[in-house]
Structure formats: C-alpha cells, structure tokens
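Residues per chain are reported as follows:
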Amino acid sequence: MTNPVLKVENLSKSFGALKASNDVSLDLRPGEIHALIGPNGAGKSTLIKQISGGLRPDAGRIEVLGRDVTVLDTVARARMGLGRTFQISSLAMEFSVLQNAVLGALGARGRAFGLFRNVMRDAALLETAHDALSRVGLQDVAQQRTADLSHGQRRQLEVAVALTLKPRLFLMDEPMAGLGASGSKELTGFLDALRQEAPILLVEPDMDAVFALADRISVLVYGAVIATGTADEIRNNPEVRRAYLGEEELA
Amino acid sequence: MSFILILEQVLNGLQFGVMLFLMAAGLTLVFGVMGLINLAHGSLYMVGAFAAAAVAGLTGSFLLALIASLAAAAAAGALVEVTVIRRLYDRDHLDQVLATFALILIFSEGTRWLFGSFPLFLDVPAYLSGPVTLPFGIQYPLYRLAIIAIGLVVGAGLFWLIARTRIGVQIRAGEADREMIAALGVDISKLYTVVFALGAALAGLAGALVGAIQSVQVGMGEPVLILAFVVIVIGGIGSIKGALVGALLVGLTDTLGGVFLPRLFALMLEPADAASLGASLASMLIYILMAAVLLVRPSGLFGGSA
Amino acid sequence: MGRERLFNAAMLLALLAVPLLAWGLQEPFIITLATKVAILALAGVGLNIALGLGGLVSLGHAAFFGIGGYAMGTLASHAQNYEPLFSWPFLFEGSNQMPLIWLTAVLASASGALVIGALSLRTSGVYFIMITLAFCQMLYYFAISWSAYGGEDGLSIWVRNEMPGLNTLDPIQFFAVAFGVLCLALWFSARLARSAFGLALSAARQSEERVETVGLAPFKLRLVAFVISGPITGLAGALFADLNRFVSPTMLSWHTSGEIMIFVILGGVGRLYGPLVGAAVYILLEHLLGGISEYWQIFLGLLLLGMVLFARGGLIGAPVGSGGGA
C-alpha cells in the first residue's frame, strides 16, 4: 500500500470544557476521496482548521507527504501542496474573478515581489488562471467583480483558486453549498475525476454527493471519529445509525 | 543616590501611573465594550481640566472644581457619543481614527477660542498643599499623595463597579458578546452612552488633578493620550487589570528612568554627554518597554487575542 | 476608469499651471504654496501605499517625514559648519547636495520603517494604530531631548541645498524639483498597484486568510509595503525641510501623522491621486479659512467629520464616481 498523503494522529483540541477534537486519527491516501461527515457542531470545522494550519492542536500530530507539519503555519502548508477551499468564502471581493485566480497562480509561483511589471499581463500566470477557471466553468465571468458572483459561483471560484496551486492534496469545506441541484451534480462529476490528480478530504453536508463520491467516510461525533469505512460499511454501522437516527431506531 | 531619593521617585512614579490609569481605564473600557478607538479621549481630559480651572476661578473651591471636571467631561462625552461616536461603532478603525481626530481639532480649537491660548492655572487648595513627613523622614507633597489616594480609590471603585453591580454585569456581557446583551433586553445604546460618559468622567478627573500640578492649556491631553495607548498596548486592550498594571509600569519606568538614567551614564561618560544621552534615552524608555512586551506577548500582558 | 484618469491628468496639469502662471505674474508666494502642495502630496503618496493598498492604518508616518527632515537638517548643518558627522568607521561628511541628502533620507527612513514595521506588524487593528503612533511619539521626544541638533527649537539651515544644474533658490526651479519627484512617485505607485506585489498586498487587505491559503505570507507583504511607503514620505520630509530651510520636532509630532492621513482621506483612500487632491484642498482651506479665522481648524474638523460620516468616497468620489478601489 502506498503511503498516505495526509496522516492525522491522535489530534486533540479543547475550548474550555468543550472537546472540539477528541483523539482524532485519520488519513488520506493517493487517489481517494475521503469524506468527513457528522452532525452540526461535531467539530468538522475545527478539525479542518487544524489540518490547514489555522489552529494549533493541543496534542497529536499531523503529517503531510510524510513530513511532520504540526508546528508549521498555513503559509508553509500551502507551499507544501495543501489546497484548501473555504466554507465561508474568503475571496478578495473587490477583485475580478480572474484576479483571484491570478493570485492563486502567483502563490503557486511562490514569489510576489515583482514591483513593476503589470501582473495582469503575465502570460504564464494568466494561462494558469484561465485554465483553472475554465475547468470549473467560470471562464465566461472572468471579468466580473467577485462580489457580484452568486454564492454557488463563489464556491466554484474557491475550487478554481485551489486548482491554480496545483496542490498535492485538497481540503474542501462544503464546496457544494449554494450550487443548486444541477450545479451540484456537475461539481460531483468534476471532483470524481479530480481525485486522480490529488486526493480530496471532503467536508460536505450533501449526503447524496458524499455517498456517491467517497471512497471512504469518517464520521465525527462530539469531536471524536466514531467510524471510518466505505459507504456501505458506514450505512450499516450501528454506532453511526445511533448518532444520526437516535436510540429508538435501533430498538 | 540615596534611599530617600529612590523612595521619593517611586512615589512620583506611582502618582504618574495612577493618573495614566484614570486615562487608560476609560479608553480600554470603550474599546472593550464598543470596539472603538477614541483619539479624542485626550480632549475630554482637557475639558475636565478647563472646567475645573474655570470653576475654581469663580468659586475658589477645589472640591467644586473636581466635581465640575467630572460633570463637564461626562456631559461632553455623552454629547459626543450621542451625536458622533455612535455612528462609528460598525465602521472600520480608519473611520474611527479620522472622526475622532476631527473631534480633537474641534475640541482644541473650540477651547482655544473660548479660553484663549494662554495657559490657565489651577491652585492646589491650602488644605492639600505643603509637604508631609513620611516614614524614613521623607518630605513629600501632600497633594501628590492625595492624587495617589484618589486614583486608588477610584480604581477600586471601578473594579467594584465592574465586578459587583448590574451595569458591571452588562459591561462584561457586552465585552463577551454584543448580540447577547441586546438579546437579554438591555438597552444597548443607553449602556454605550453611559460607558462612554464614565470613561470621559475619569479622563476629566485626571485632567483636573494634573491641572493643579502643571498648567491647564490646549493640547495638554494629547501626550497623555499617547501614553495611555502605550499603557493599553502593554496591559492588553479591554482589560482593566491590564490598564492598572500597565499604567503603574509606565509611570514608574518613565519617572525612574528620567531621574536615574542620566546618573547612570554619568558614571561612564562626560557630564554633558551623560545628561544629553541620558535624557534622550530616558524619553524612549517606555517605548522600548512597549516594544519588549510586544516581542514577547503581541496582545499585551493581560490581553486575549489581538 | 477613463474619467478618473482624465481627472488625474487635469489635477496634475493644474498643479503645474498654477505656479507657472504665478511665475508669469511674479507671485512667488503662490509658487511656494504650490511647492508645498506637491511635497505634502508626496508624503501622502507614501502613506497611501501602506494605507490604501495595504489597509495599514499607520498613525506614525510623521516618523518617516521627520526622519527625512532631520536627514536634511543634519547633513546640511554639518556642511555649513564644515564638520564631519563622524569619522569612524569611515569618514562621513555633511552635504548640501540634494541627491545625497535624498539618498540619506530614503535610507534612514527605510531603516526606520523596517524596525517600526517589524515590531508593529506583529499586531493588527487598533494595536497597530496605537503602536505606530507610539513609536512616532518616541522619535518626537527623542528629537526634543537631543540637544545637539537643536532640541525643541529645531534646526535652521541658512541656504537651501543645491541640485546640480538648477538654481534651487529660484522658487519656480525648486517647484520643478518637487513636482518632478511627485510625478515619479505617482508613476511608481501606479506601477506598484498593478504589479504582482500590489495584487498580493491588496488581497491581504481584503482577506488575509486567502493570501495565506495560496502560500503567501501577509506579514512579509505588509512589511515590504511599509518599507516602500516610509521612504517616500521620508523623501517628502527632506524636501519639506528644504522648502522651509528649517526642521523641528513638529515634523515628527502625531498631528503631522494625522495631517498626512487627512491628505490621503480627503482625496479618497486607495485612489492613486487622492493625496494630491487632498493636499491641495488642505492648503487651500488653510489659506482661505485661515484668512477668515484664526481657528480655521474647527472648520477642517467639521469638514473631515462630515466626510467620514456622510461621504466616504473622498473628494474624487464626487466627480468620478465610486468604485475606484485599489
């Protein structure tokens, strides 16, 4: 078996008495989509934040591509090839769609200290940016102001910016939200193919998409992973059923 | 350099620190509760000093002058809060800086127009003037001791107000979560006016107390304002305890540094150079202290996240 | 954007035309006023890189303005006294040559910006505002207590410094120098806004998280912006001191910081030519209102207050519409 791209070991994080992450372990293998599901408040966002570098865990370690990144910040992890999309859009709202994508391409290049040349005439950056935009279907709105995009389009742009980074793994926080039925289906197909490029750790409340896409699913409840397995295994796991459906269903 | 001199300077530092605390407490409260940076806080200090000087000139009573400083600064604070400041709560910091800078211009020039450019003088009343003899035979001005006492009493009152009273509960709730206290049915805009006026009154009192030692003039509040900022940065924004610790640290550092640094340099350098270099470095000491705190704890000694 | 560009060109032409006209009419005082506008606008152009592009609300830019001023004062006073500044580790003589003075001003204020920026950019929001203000005040007190260079009284220079090929004592020629530097700075900041660095810096202002996620460090971007911004304001300080042939701690006072910020804001934050409009309006107000009332700053305060509360786009916002952005 090939080495996992991402390995999370015994991660714990508390806020006062609340255990937001309780001894979480999981991994992401090459070529797979690993979905993270759980009821609201289960600690998915906190976990994602710790993996991306925005929050330091109290205990445990995180490995990316075989390297311990527990003490590295967001910038260093992004440079190692961690491409993240946000649940609440964090795009530069005053920029055009294209400028946001160019920013991603600039990040991939790793240098942003050119002071004179017009960045929007840099052929290499533009190519990367246009390429990413057309892959998610935003090429027609490239010149629009990002603030004028619909919520679904912003989510697509999040994915496009992540693509410009040519990441080694994706961390996607609710990429389907606000897309509507047809858009959601389209993105499902897109992610399905994307896993060959780089594996995806996916947080997504749309259960149809999760069960259609995921190679493996981990269920997070009260900050702890209660089960990890294939879609079928998760469907039939009694603990998962109890967490989602309540006690009486089992009786 | 005698023990008595050191003790005297420690008392001077305490007195300065207590004054800074009265300034910084209001600033940090207003920032903690309303999220507002108020550059015009120094103007309220000035308003307090001028009100005190005017009333003392008319009535001859120092006590009435102090009451006038509290009332005038609180009234000016409430007026400014209702007309200008409350429009700034959901603006960004840049707008807050600009609008309160504009208020400084208006206050300063307005005061100059009313009272003229010449400084006013506020006399220490007879019952507080003259030195007292402390243990170890230290002769120390009674008035400065009184300032320390008043500052400490007001500080204790403030802690009591915040820890024990209804309005204190509301203030603490407001620091934690603004929507929450609105949901609890507290009249939030009234609370904000009261907090702002309270901070203003403390600044006004400080202005009046200092006005009797120095002169009362336009622009007197601004150096103190910036020192109060240093205090808050050191103590941590929003923390009253931080303001107290920061104020005493700054007060002591500035006073002791100003006296002892030139003497320290005199041990190594020519007298003239030592005096000049010592004075220059002493003037920078509190900022160096601030930089050092920043390097270790960017959000201040008692601050949460920056 | 076409209208804004047209408006910018018109402003620049007006700044050129007024002193030329005054030259023809032999009104040197007006030339001096125009020179002041150009220099103060230059100070604002510097701040605007940090404030408009980077979103860094620095209330400490007077520090760089003053460092530039003192660079001029120090070099020129040593030159007029024929004393070297220091002779170890190398001989450093005073100078009355503008290019050398400018270089010193730029290097000194860049170093200042590096130190102040590295410390204050560890924080953000109100902390940043207070800390920049505090460091500025530190230099102010330092200048007051540093008696070797005039202390509180400041330092006078007898003759304006020299520029090779020009007679800087002639007001119109000195105006040309200031105007030329301003044009260069405007050109540079326009290039900067469109560059890769400008894009990343502006993105860091809009969403810090976004910039980190693409692997760029906001702290470094902001520090570089600060180190670019400071020296431009510092250069303005050197010119301002040369205009007055005088430098004093007032240049370092926080009121000066506030005024530089007002130039930027009056014209509209993030607008390239905002500082030019702002400085021009400020000087006009100073002279029009100042003639009516000694207390003209009350009106300035009211104007500023009204603008912040009711007209956030600044003065350029009115003729060219909002949405200029960075």
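Residues numbered from 1 in each chain as written. Chains lettered and ligands numbered in written order. Predicted model: local features only at pLDDT ≥ 70, side-chain atom pairs only at ≥ 80, totals over all residues.

*Asks:* Please clarify how helix α8 (residues 188-211) of chain B should be interpreted in this entry.
*Replies:* Turn by turn, an α-helix covers 3.6 residues, leaving residues three or four places apart pointing in a common direction. Taking 1.5 Å of rise per residue, 24 residues should cover 34 Å, and α8(B) covers 34 Å from first to last C-alpha, within 8% of that figure. Within α8(B), 18 of the 24 residues are buried, leaving the element largely enclosed by the surrounding structure. (Helix = DSSP H or I, 4+ residues; strand = E, 2+ residues; numbered from the N terminus. Expected span 1.5 Å × (residues − 1). Buried ≥ 20, exposed ≤ 12 C-beta atoms within 10 Å, placed from the backbone.)

*Asks:* Got a minute to help me understand the arrangement of the chains in this structure?
*Replies:* Summarising the chain contacts, 2 pairs of chains touch, and the pair with the most contacts is chains B and C. Regarding chain A and chain B, the two do not touch, and the least distance separating their C-alpha atoms is 13 Å. (Contact = placed C-beta atoms within 7 Å.)

*Asks:* Help me understand the interface of chain B and chain C in this model?
*Replies:* Taken together, the contact pairs 36 residues of chain B with 36 residues of chain C. Sorting the residues of the side of chain B that touches chain C by element identifies α4 (93-115), α9 (221-235) and α11 (271-296) of chain B as the ones contributing at least two each. Per-element tally for the side of chain B that touches chain C: the top contributor is α4(B), with 15 residues. Among the residues forming the side of chain B that touches chain C, the class breakdown is 27 nonpolar, 5 polar and 4 charged. (Nonpolar A, V, L, I, M, F, W, Y, C, P; charged D, E, K, R; others polar.)

*Asks:* How should the domain arrangement of chain A be read in this particular structure?
*Replies:* Note: interface size is frequently given as the accessible area lost on complex formation between the parts. Residues and elements named next belong to chain A. As assigned here, chain A comprises domain 1 (1-81 + 167-251) and domain 2 (88-166). Taking the mean C-alpha position of each, domain 1 and domain 2 sit 26 Å from one another. On the domain 2 side, the residues contacting the 11 residues of domain 1 number 11 residues. Of all the elements in the fold, those that place two or more residues in the side of domain 1 that touches domain 2 are α2 (74-80) and α6 (180-194). No other element matches α6, which puts 3 residues into the side of domain 1 that touches domain 2. Looking at the side of domain 1 that touches domain 2 residue by residue, the classes come out as 7 nonpolar, 3 polar and 1 charged. (Domains from an automatic or database assignment.)

*Asks:* What's the story with unusual backbone geometry in this structure? I'm lost.
*Replies:* A negative phi holds for most residues other than glycine; trans holds for most peptide bonds. All names here are of chain A. With a phi close to 50 degrees, N10 is a non-glycine residue in the positive phi region. One can find N10 in strand β1 (residues 6-15). Although it is not a glycine, K166 sits at a positive phi angle of roughly 45 degrees. Mapped onto the fold, K166 is located in the loop between α5 (151-164) and β7 (169-173). With 15 C-beta atoms packed within 10 Å, K166 lands in the partly exposed category.

*Asks:* What am I meant to see in the sheet that holds strand β5 (residues 67-68) of chain A here?
*Replies:* Note on sheets: strands pair through backbone hydrogen bonds, and any given pair is parallel or antiparallel. Residue and element names in this part refer to chain A. The 4 strands are arranged β2-β1-β4-β5 in an open sheet whose pairing can be described as antiparallel. Looking at strand neighbours, the two that pair on one side only are β2 (18-28) and β5, the edges of this open sheet. Sheet topology places β1 next to strand β4 (residues 59-64); 5 bridges connect them, and they run antiparallel. For S12, the partnering residue across the bridge sits in β4 and is A59. Relative to β2, helix α1 (residues 44-52) is tilted by about 60 degrees, and along the sheet it contacts β1, β2 and β4. (Pairing = 2+ DSSP bridges. Axes fitted to C-alpha atoms, helices over the stretch in contact; angles between N-to-C directions.)

*Asks:* I would appreciate a short explanation of the pairing of strand β2 (residues 138-141) of chain B in the present structure.
*Replies:* A regular strand carries its side chains on alternate faces of the sheet. Residues and elements named next belong to chain B. Here 4 bridges tie strand β1 (residues 131-134) to β2, and the two strands are oriented antiparallel to one another. Bridge assignment links P131 to a residue of β2, and that residue is P141. Hairpin remark: β1 followed by β2, antiparallel, with 3 residues in the connecting loop; positive phi at F136, about 70 degrees.

*Asks:* Help me understand the nonpolar core in this model?
*Replies:* Soluble globular proteins tend to bury their nonpolar side chains together. Within the largest apolar cluster, 291 residues are counted, with the highest numbers of intra-cluster contacts made by B:V230, C:L42, C:A134 and C:A200. Excluding residues that lie within four positions of it along the chain, B:V230 makes contacts with B:V250, B:I286, B:Y287, B:M290 and C:A134. Grouped together as the second largest cluster of nonpolar side chains are 5 residues, B:L261, B:F265, B:A279 and B:A282 included. (Core = buried A, V, L, I, M, F, W, Y, C linked by C-beta atoms within 7 Å.)

*Asks:* Is there a simple way to explain the interface of chain A and chain C in this structure?
*Replies:* Facing 29 residues of chain A, the contacting portion of chain C comprises 23 residues. Mapped by element, the contributors of at least two residues to the side of chain A that touches chain C are α2 and α3 (97-109) of chain A. Among the elements that make up the side of chain A that touches chain C, the one with the highest residue count is α3(A) (6 residues). For the side of chain A that touches chain C, the residue count by class is 17 nonpolar, 8 polar and 4 charged.

*Asks:* Teacher, can you tell me more about the pairing of strand β8 (residues 200-203) of chain A here?
*Replies:* Residue and element names in this part refer to chain A. Side-chain alternation along β8 places I200 and L202 on one buried face and L201 and V203 on a second face that is also buried. Sheet topology note: the strand β3 (residues 33-37)/β8 ladder contains 4 bridges and is parallel. Along β8, the bridge assignment pairs A35 with L202. Examined bridge by bridge, β7 and β8 share 4 bridges and lie parallel to one another. Across the sheet, the residue bridging to M172 is L202, located in β8. Regarding the hand of the β-α-β motif, the stretch spanning β7, α6 and β8 is right-handed. (Right-handed = clockwise from strand over helix to strand, strands pointing away.)

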